[in-house]
Amino acid sequence: MKPTATAVVGTVAAASFVGTSIFALTGLLLGESGSVPDLLLVIVVAVLWDVLLTPFVLPPLMRLFAPLDPKAATA
């Protein structure tokens, strides 16, 4: 079963949020200069860019990696 476009975009948004948040919080804990509002802005911008670019980047990547599907190797 193929995932829906909504599920794919939702997964990208969630992964982007978690990854960017961990990166930003790590910098904050290690003493990088910056404030929490600056970090929140960076997180929001990163999530928006990732969601906006997903329809252009993911389909070509899916076609590129389709031959590596394990189900195709056993058929």
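Preceding block: the structure.
Everything numeric in this text was worked out from a predicted model, so none of it was measured. (Residues numbered from 1 in each chain as written. Predicted model: local features only at pLDDT ≥ 70, side-chain atom pairs only at ≥ 80, totals over all residues. Heavy atoms only, no water.)

A. Representation of helix H1 (residues 5–29). For H1, with 25 residues, the first-to-last C-alpha span of 36 Å sits near the 36 Å given by 1.5 Å per residue. Taken as a whole, H1 has its buried residues at Ala-13, Ser-16, Thr-20, Ser-21, Ala-24 and Gly-27. Downstream of H1 by a residue or two, Gly-31 has a phi angle that is positive, lying close to 90°. (Helix = DSSP H or I, 4+ residues; strand = E, 2+ residues; numbered from the N terminus. Expected span 1.5 Å × (residues − 1). Buried < 20%, exposed > 50% of the residue type's maximum accessible area, 1.4 Å probe, protein only.)

B. Highlighting the side chain of Thr-54. Tracing the backbone through its elements, the reader meets Thr-54 in helix H2 (residues 36–65). Classification of Thr-54 by relative accessible area gives buried; the value is 10%.

C. Local environment of the packing of H1 against H2. Their axes nearest at 9 Å, the elements H1 and H2 cross at an angle of 150°. In terms of crossing hand, the pair formed by H1 and H2 is right-handed. Along its contact with H1, which presents Val-8, Val-9, Val-12, Ala-13, Ser-16, Phe-17, Thr-20, Ser-21, Ala-24 and Leu-28, the element H2 presents Val-36, Leu-39, Val-42, Ile-43, Ala-46, Val-47, Asp-50, Val-51, Thr-54 and Leu-58. Looking at side-chain class alone, the contact of H1 with H2 contains 15 nonpolar, four polar and one charged residues. (Axes fitted to C-alpha atoms, helices over the stretch in contact; angles between N-to-C directions. Left-handed = near helix turned anticlockwise from the far one by under 90°. Contact = heavy atoms within 4.5 Å. Nonpolar A, V, L, I, M, F, W, Y, C, P; charged D, E, K, R; others polar.)

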